[in-house]
Structures are given as structure tokens and as C-alpha cells.
Amino acid sequence: MSTLITEFITVQSPADRSVLADLGVDGPDRVATAAASLRAAQPAWETLGLEQRSRWLAAMRDWLLDNTERIVDIMEAEAGKVRAEAALELGWVCDIINNYSRRGPELLGDKRIGASLLPLRATKRYTIQRRPHQLVGVIGPWNFPVVLTFGDAIPALLAGAAVLLKPSEVTPLALREVVRGWQQELGAPPVVDIVLGRAETGGALIDEVDFVQFTGSTRTGKAVARRAAETLTQVSLELGGKDPMIVLGDADLERAANAAVWGGFVNSGQVCISVERVYVEAPVYDEFVARVVDKVKALRHGTDLGAMISPAQIGIVEDHLADARAKGARVLTGGSRADREGDWYQPTVLVDVNHAMTVMREETFGPVLPIMKVDGAQEAIRLANDSPFGLAATVFAGDARAGEEVARQIDAGTVNVNDALHGAMCIDVPMGGWKASGIGARGGDYGMLKFTRAKTVTAPRLPAPAAEPLWFPYDSVRAQIAQRAMRFINARGRRRWQSSR
Ligand code: NDP
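Keep in mind it's a predicted model, so treat the numbers as computed, not measured.

**Student:** What am I meant to see in the overall build of the protein here?
**Tutor:** Scanning the protein for helices and strands turns up 17 helices and 20 strands. In terms of overall dimensions, the protein has a C-alpha envelope of 85 × 65 × 35 Å along the principal axes. By the burial criterion, 52% of the 501 residues in the protein qualify as buried. In the protein, of all internal contacts separated by at least 6 residues, the share reaching a separation of at least 24 is 71%. Element-wise, carbon and sulfur atoms account for 54% of the exposed surface of the protein, whose accessible area totals about 22300 Å².

**Student:** Explain the pairing of strand S16 (residues 392-396) to me, please; I cannot follow it from the model alone.
**Tutor:** Looking along a regular strand, one sees the side chains alternate between the two faces of the sheet. S16 sits mainly inside the fold: 5 of its 5 residues count as buried. Burial along S16 is two-sided: Ala392, Thr394 and Phe396 facing one way and Ala393 and Val395 facing the other are all buried. Of the strand pairs in this sheet, strand S10 (residues 243-247) and S16 are connected by 3 bridges, and their pairing is parallel. In the sheet register, methionine 245 faces S16, and the bridge partner there is threonine 394. Where S16 meets strand S17 (residues 414-417), 4 bridges bridge the pair, whose relative direction is parallel. Among the inter-strand pairings, alanine 393 is bridged to a residue of S17, identified as valine 415. In this region the chain leaves S16, passes through helix H14 (residues 400-408) and returns to the parallel neighbour S17; the handedness of that crossover is right-handed.

**Student:** What am I meant to see in the sheet that holds strand S20 (residues 452-460) here?
**Tutor:** Paired through their backbone hydrogen bonds, the strands of a sheet run either parallel or antiparallel. Spatial ordering of the open sheet is given by S3-S4-S20, a layout of 3 strands whose pairing is antiparallel. Looking along the sheet, the strands with just one partner apiece sit at the ends: strand S3 (111-113) and S20. Pairs of neighbouring strands in the sheet enclose a mean axial angle of 25°, with direction left out of account. Judged from the 3 bridges that link them, S3 and strand S4 (residues 124-132) form a sheet pairing that is antiparallel. Residue pairing in the sheet places arginine 112 in a bridge with threonine 127 of S4.

**Student:** What is the right way to read the environment of valine 278 from this model?
**Tutor:** Along the chain, valine 278 turns up in strand S11 (residues 275-281). Excluding residues that lie within four positions of it along the chain, valine 278 makes contacts with Met245, Val247, Phe288, Leu369, Pro370, Ile371 and Met372.

**Student:** I tried to follow the site of the ligand on my own but got confused; where do I start?
**Tutor:** Surrounding the ligand, one finds 31 residues, the nearest of these being Gly140, Lys166, Ser217, Leu239 and Glu363. The side chain of serine 168 places a nitrogen or oxygen atom 2.9 Å from an oxygen atom of the ligand. When the ligand is considered free in solution it has 900 Å² of accessible area, and contact with the protein chains removes 88% of it. At the level of elements, helix H8 (199-208), strand S8 (211-215) and helix H9 (218-230) are the ones that each hand at least two residues to the shell around the ligand. The biggest single contributor to the shell around the ligand is H8, with 4 residues. When the residues that make up the shell around the ligand are grouped by side-chain class, the tally is 14 nonpolar, 11 polar and 6 charged.

**Student:** Looking at this structure, I do not really get the packing of aromatic side chains. What am I missing?
**Tutor:** The geometry of an aromatic ring pair is captured by the separation of the ring centres together with the interplanar angle, meaning the angle of the planes. Scanning the model with the defined rule gives 5 aromatic pairs in all. Here the guanidinium or amino end of lysine 81 rests over the ring plane of phenylalanine 144, the centre of that ring lying 4.0 Å away.

**Student:** I tried to follow the sheet that holds strand S9 (residues 234-238) on my own but got confused; where do I start?
**Tutor:** Across the sheet, which stays open at both edges, the 6 strands sit in the order S7-S6-S5-S8-S9-S19 with mixed pairing between neighbours. Strand pairing shows two members of the sheet lacking a second neighbour, strand S7 (192-194) and strand S19 (438-439), which therefore form its edges. Bridging between strand S5 (residues 135-139) and strand S6 (residues 162-166) involves 5 bridges; their strand directions are parallel. Within S6, the residue paired with valine 138 across the bridge is leucine 165. Lying over the sheet, helix H1 (residues 28-48) contacts S5, S6 and S7, oriented at roughly 155° with respect to S6.

**Student:** Just checking my understanding: could you explain the environment of cysteine 426 for this structure?
**Tutor:** Looking at the element boundaries, cysteine 426 is found in the loop between S17 and strand S18 (434-435). The sequence separation of cysteine 426 and glycine 443 amounts to 17 residues, and the corresponding C-alpha distance is 7.6 Å.

**Student:** Help me out: how do you make sense of the packing of helix H4 (residues 83-108) against helix H6 (residues 150-159) in this one?
**Tutor:** Between two packed helices, what matters for the description is the angle formed by their axes and the separation of those axes. Between H4 and H6, the shortest axis-to-axis distance is 9 Å and the interhelical angle comes to 25°. Judged on the interaxial angle alone, H6 and H4 are roughly parallel. As H4 packs across H6, the resulting crossing turns out to be right-handed. The segment H4 lies against H6, with Val93, Ile96, Ile97, Tyr100, Ser101 and Leu108 engaging Phe150, Gly151, Ile154, Pro155, Leu158 and Ala159. Of the residues contributing to the contact of H4 with H6, the split by class is 10 nonpolar, 2 polar and no charged.

The rules behind these values
Residues numbered from 1 in each chain as written. Predicted model: local features only at pLDDT ≥ 70, side-chain atom pairs only at ≥ 80, totals over all residues. Heavy atoms only, no water. Helix = DSSP H or I, 4+ residues; strand = E, 2+ residues; numbered from the N terminus. Buried < 20%, exposed > 50% of the residue type's maximum accessible area, 1.4 Å probe, protein only. Contact = heavy atoms within 4.5 Å. Areas by Shrake-Rupley, 256 points an atom, 1.4 Å probe, with all protein chains shown as cover. Pairing = 2+ DSSP bridges. Right-handed = clockwise from strand over helix to strand, strands pointing away. Axes fitted to C-alpha atoms, helices over the stretch in contact; angles between N-to-C directions. Near = heavy atom within 4 Å. Polar contact = N/O pair within 3.5 Å; in protein donor to acceptor, adjacent residues only side chain to side chain. Nonpolar A, V, L, I, M, F, W, Y, C, P; charged D, E, K, R; others polar. Phe/Tyr/Trp six-rings, centres within 6.5 Å; stacked < 30°, edge-to-face > 60°. Lys NZ or Arg CZ within 6 Å of the ring centre and 35° of its normal. Parallel < 35°, antiparallel > 145°, perpendicular 65-115°, else oblique. Left-handed = near helix turned anticlockwise from the far one by under 90°.

Given below as C-alpha cells:
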């Protein structure tokens, strides 16, 4: 029975505000119906086994590769991305499929735990089995509409879960096409579905699923965690950041400047792990700033830089800049909207900044790069850590080992030495936020294991007697023997061993 749709979302192109689609909002009823169908299909999917599930994901990878141009067109239109960046997103999804298909047997296979010295345990066999959460809900943001939704679904699907996806209301079209590919073009098992809408739809999804994979702002992440607490549903929250970059005096300044410009302005600065603030040692500060400004002036709207997602996002950028200017910051380039139709903003470099300014404290999520002079590495580390966020960071140093020493002192989930944004591109390592930047991680072992529950099975190795020594009825002799045996095995040092005799 179809549910009556009474509310709609209008999807617009940020580049020129043209209307791309009007879509019905899925209310709680439709979310519940979709969840029930997915639950019904999940047991067969789990029973298929990892090898067969990997085959379906491989078919999906091939479909994505065969349909890249069309999906990139959609992403370009709905997210205002430049083509080069939109195309990378699908390659990233394929990488996730290949990597977790390869790692799956090792991560999901049974683990045997060796016998203990304790006689009680030596007679047992311990096996840790991994079973999937039955239904995983993925709520995603608009800045990477496919990889941060379907990409997160991949390890869950390989683990045997069914997945219900909820894209951002501003960028639902590319993901809707990907789900159509799975459901209709591949005819794959019905374990993937999508619901469309705003916060109410996301909230209803949280009520229905067994695990929530959320990517978005810290503010919404807290709301998601509160809602999930009502049903004691586990969450993995990938949230916002205010990522610092440190440039030491002996760094390769040309590479550091290129990294700052790419790391600060990729996707128009609308990346959770964008470089959002830069600290440069005093002796190289002027030269670094000059190189960055030259490079930023050369960026081209439409080729290097896409549009901003919405007028509201431009509003945040303007608020941060107004606050910084009022407190003494200087704009070296940019500093206003671009002179063209749609939601475009000039790439902006700020100096004379300090930590009293919002632009150094809160996530700007726009094409703004504030650069601050510091006396030395210790001041840079202190300022880098002076933040409620801890998502990622960058360190540039002449000696990579010295850079790693600085990296170890930074409070963040990922630190890249002599590179920008790199950790996020390697699916084999965890990428998770510290502090207000999140709970959990994607990537690495945990990126797949989180979609599973560990089950311990204990079984006898030998024929079992009618009763174990620790069972009823208690008697003092057996209790004493057991206690002494425990003491003997666990004690360290001759005095404690002797006292257990
Ligand atoms: P939001 O937090 O605004 O939204 C994220 C998703 O949550 C959207 O689908 C949104 O729907 C939905 N949502 C909103 N309110 C609720 C609610 N009450 N319950 C359930 N779902 C809800 O983030 P943005 O889309 O603006 O994305 C930008 C943010 O994401 C930035 O802060 C960025 O740093 C962060 N991010 C973090 C990443 C990471 O890996 N750590 C990666 C990429 C982005 P709708 O859009 O329809 O309102």
C-alpha cells in the first residue's frame, strides 16, 4: 500500500539556482515500511555468505564505473561540484568495495581464542563469531553525496546487514540513482533502500534501525545521539572539524603552500577535513603567505572551485569574515561573493588572525584560509590543540621524522605529515574524530567491525562430566583447592606463590 505524500523537497543547482527536481518527503510510515521490508530480506542476504555478497558488490562497482559520467553529471548539478572532484568520489566508492571485499574474510571470520592456563578454561574451546546488525541506517551530508552514504553502506552490506539510506535533502539525486542501479538495473537482493526528507525522516530512520552511521555537523550529531539513546541504538558519528596545519621553518614551502591551497579550497572548503587554519613559524611566514596568495589568485571558478552549497552556507562564511575583520584581521585576497549568478564565493586568505576570532574556533566550511604567525613548534601545537574539535591535522616539516614527532602531540584522529587530507583516502586506516568531531570511525578494521556484533561461543574440548567442580553443591575442600589454584596461576613473585600453597 503506498503512503500519501503531502510534503515535497525542491532540489536546486547551487551553480545557478535552477530547479532540478521536486521530490516527495518520506514520513515515518514510509520509513517504517521500508525498514520492515529490509528486515525481511536481510536473513537471506546474510545466509548468502561473504563470497556471494562480495560478488554483488563487485557487480555494483562495475555498474558505477559504467555509469560514472551520468552520476557525475548529477553530482555536479545538485552539489555544485567541479567535475574533477565529483568524478573522484565514485573511484573512492570502488576502492571501498575492493578493499573491504579483500579484508572481509579476515575481519568477519571466526576467531579462535587459545586455551588458558586455568584448568577450568583449558578444557574449553572459545570462538568469537561476528554477526551483522540486522538493519543499518546511514544518514549522510551534502558535501560528498555518494561516498559518505553508499560508501559507508558497503562494509555493512558485506558484513551481511541490510541498509536504509537517508541523504541530505539538498543532494538526494545522485544517491537515488545509485540505489536505483542496485535495485532495478542489477536486480540485486532487496537489502538497500533510500528514504528522502529532512530531520523528521532522519529521526524516524533512527527509531527503526539497529545501528546508525551518521555523517554531518556536530550539532546534528548530538541530536542523532540523543534520539538513538531512546532505543539504545549504537551510533558512529563522523562530525565537523576545524583542522589545523602547521608549517615548520625548514618545510618545503612550495609543497606546503600547494597543500594549504588545495587542502583549504578543495570542494570550495566544504570538506570536513579541509585545512581551516594555518600556523607558520615566523622566519618563513612572509614567504609562505606570499606563495599562498599567488596560488589562490590563480584559482578558477567552475574549473578548480565549485559553487557553495547554499546561501545559508555563504551566510556562515560572511559571518566569520565580518567577525574577523571587526577584530583586526586583514583580507589579502577574496573576501566577498563572486560576481556571477548562483552561490559562489571568492577564495579568501586572511592574516592577522587570533583565537578570539570565530574563524579560528568554529567550522567555517567555506573557501577561507586564515594564516597565523607563531614563534615555534610548541606554540603551533598548543594553538592546534586549542579547539573543541579534533578531526584531522597537517604538519609540514623539512624532516618527515620531526614532522611525525609534532604529529604525535596533536589531539586529532588523523594527522598527515607533508600532505593534506591524505589519511581519509586510505580506507585501510581508521578515520575518526576526537573531541567534538565524533564517536567511532570509518575505515580500517573498525570501519567494518562496527556493523557487526561479537558473539562468544564456549564449548567443551573434552567429554564433559555430569557436574563441573565449581557447580553445586559447594564444599570447603574443593573451594579451597580452586581458590589456591587461582592464586597460584595469577600471583607474581615467590612470596605470593608460596602463600598460595
Ligand atoms: P547536517 O548535520 O546539517 O546534516 C547531516 C544529515 O543529517 C542530513 O542528511 C540531514 O538532513 C540530517 N539531519 C538533520 N537533522 C537531523 C535530525 N534531527 N535527525 C536525523 N538526521 C538529521 O550536516 P550537513 O549536511 O550540513 O554536512 C556538513 C557537515 O558534515 C559539516 O559539519 C562537516 O564537517 C560534516 N562532515 C563530516 C565528515 C566526517 O567524516 N567527519 C565528512 C563530511 C562532512 P537534511 O540535510 O535534509 O537536513
